[in-house]
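Commentary on secondary and tertiary structure
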Amino acid sequence: AQEALEGLRLLGMDDKQIRSLERTQTIRSQVPIVAPFAGRVIARNLTKGEVVETNRKLFVVADLSTVWVVGNVSEKDISYVHRATAVPNQPVEVHVAAYPDEVFQGTVSYVGDVLDTATRTMQVRLILENPTGRLKPEMFATIRVLSEPAPDVLVVPEAAVQHDRDRS
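Along each chain, numbering runs from 1 in the same order as the chain's sequence is written. In keeping with the predicted nature of the model, local features appear solely for residues at pLDDT of at least 70, side-chain atom pairs appear and are counted solely at 80 or more, and the whole-chain, interface and lining totals rest on all residues. Computation of side-chain values covers all heavy atoms of the structure but excludes hydrogens and water.

With that settled, consider the pattern of salt bridges. For this analysis, a salt bridge means a side-chain nitrogen from Lys or Arg found within 4 Å of a carboxyl oxygen belonging to Asp or Glu. On inspection of all chains with the given rule, the structure shows seven salt bridges. Notably, a salt bridge pairs Asp-77 with Lys-76, separated by 3.4 Å at the nearest N-O pair. By relative accessible area, Lys-76 is classed as exposed at 65%. Among the ionic contacts, a cluster of salt bridges with common partners joins Glu-6, Arg-9 and Asp-15. With a 1.4 Å probe rolled over the protein chains alone, any residue whose accessible area is under 20% of its type maximum counts as buried; one over 50% counts as exposed, and the rest are partly exposed.

Moving on, we come to helix α3 (residues 78–86). Under the scheme used here, helices are H or I runs from DSSP no shorter than 4 residues and strands are E runs no shorter than 2 residues, and both carry numbers assigned from the N terminus. For α3, the full list of buried residues reads Ile-78, Val-81 and Ala-84. One side of α3 carries all its buried residues, which in axial view fall inside an arc of 120°. Considering only its buried residues, α3 is in contact with β3 (66–74), β5 (99–111), β6 (121–129) and β7 (141–145). This arc describes the spread of directions from the helix axis toward the C-beta atoms. The contact criterion used is simple: two residues touch if any of their non-hydrogen atoms lie within 4.5 Å.

The criterion for an aromatic pair is that two Phe, Tyr or Trp rings (for Trp, the six-membered ring) have centres within 6.5 Å, with stacked assigned to planes under 30 degrees apart, edge-to-face to planes over 60 apart and tilted to the rest. The tally for this structure, following the rule as stated, stands at one aromatic pair. Of note, Arg-125 hangs over the ring of Trp-68, and the distance from its end group to the ring centre comes to 4.2 Å. Charge-over-ring placement is defined geometrically: NZ (Lys) or CZ (Arg) within 6 Å of the ring centre, and within 35 degrees of the ring normal. When the ring centre of Tyr-99 is taken as reference, the NZ or CZ atom of Arg-134 above it lies at 4.1 Å.

Following the sequence through the fold, Gly-106 ends up in strand β5. For Gly-106, a relative accessible area of 4% puts it in the buried group. C-alpha of Gly-106 to C-alpha of Ile-18: the two residues are 88 residues apart in sequence and 47 Å apart in space. Leaving out residues up to four positions away in the same chain, Gly-106 has contacts with Gln-90, Pro-91, Val-92, Ile-127 and Leu-128.

Within the secondary structure layout, Val-69 lies in strand β3. As for Val-69 and Asp-15, which are separated by 54 residues in sequence, their C-alpha atoms are 43 Å apart. When sequence neighbours within four positions are dropped, the list of residues in contact with Val-69 reads Val-94, Val-124, Arg-125, Leu-126, Leu-128, Ala-141 and Ile-143.

Distance thresholds for patches are 9 Å for like charges and 5 Å for nonpolar side chains (Val, Leu, Ile, Met, Phe, Trp, Tyr), applied to residues having over 30% relative accessible area and no salt bridge. In this description, accessible areas are obtained by the Shrake-Rupley approach with a 1.4 Å probe, and a residue is regarded as covered only by the protein chains that are shown. A cluster of nonpolar side chains, Ile-33, Val-41 and Phe-59, forms an exposed patch at the surface whose accessible area comes to about 280 Å². The residue Phe-59 is located in strand β2 (residues 59–62) in this model.

Now for the sheet that holds strand β4 (residues 91–96). Strand order across the open sheet formed by five strands is β3-β6-β5-β4-β7, with antiparallel pairing between neighbours. Where the open sheet ends on each side, the last strands, each with one partner, are β3 and β7. Ignoring strand direction, the axes of neighbouring strands in this sheet form an average angle of 40°. DSSP calls a pair of strands paired once it identifies at least 2 bridges connecting them. Judged from the five bridges that link them, β4 and β7 form a sheet pairing that is antiparallel. In the strand pairing of β7, Val-94 is matched with Ile-143. Think of each axis as a best-fit line through the C-alpha atoms, taken over the contacting stretch in the case of a helix, with angles from 0 to 180 degrees between the N-to-C directions. Packed onto the sheet, α3 meets β3, β5, β6 and β7 and runs at close to 80° relative to β5.

As structure tokens, this is what we get:
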């Protein structure tokens, strides 16, 4: 009996509901499911009236007040990301296709250690505050890393370089 009571508690029933069940001997057709933290339901894996097992994942709940932007940076641009992370909380611009005229600010929280040999890219993760909840999972985004130019380096457009035999 104690095991059954614990099972009911695990399903979200409180002592008052359990006493009511003992008294009436009737099972309610609807059982509220309470998430362990505040957030939004971003996926539902059941339909109304469906019988489910206790080990099945019914909902996915996420706290979207802070979101990650995960991207792949090409090998030639990795040094810029490392320079941006050298400065604590260096902002990184994030442009989202859903809001083309807006720029969101984030910070780099992770730079991968292994280069993807097929794409020649390194994975980067940014953290963005999302107080209004406008940024959603799976949105397409472009990141722009702002870094200080290296001192005493001459920079010219590639089109300005002239090639003559084996010299540039």
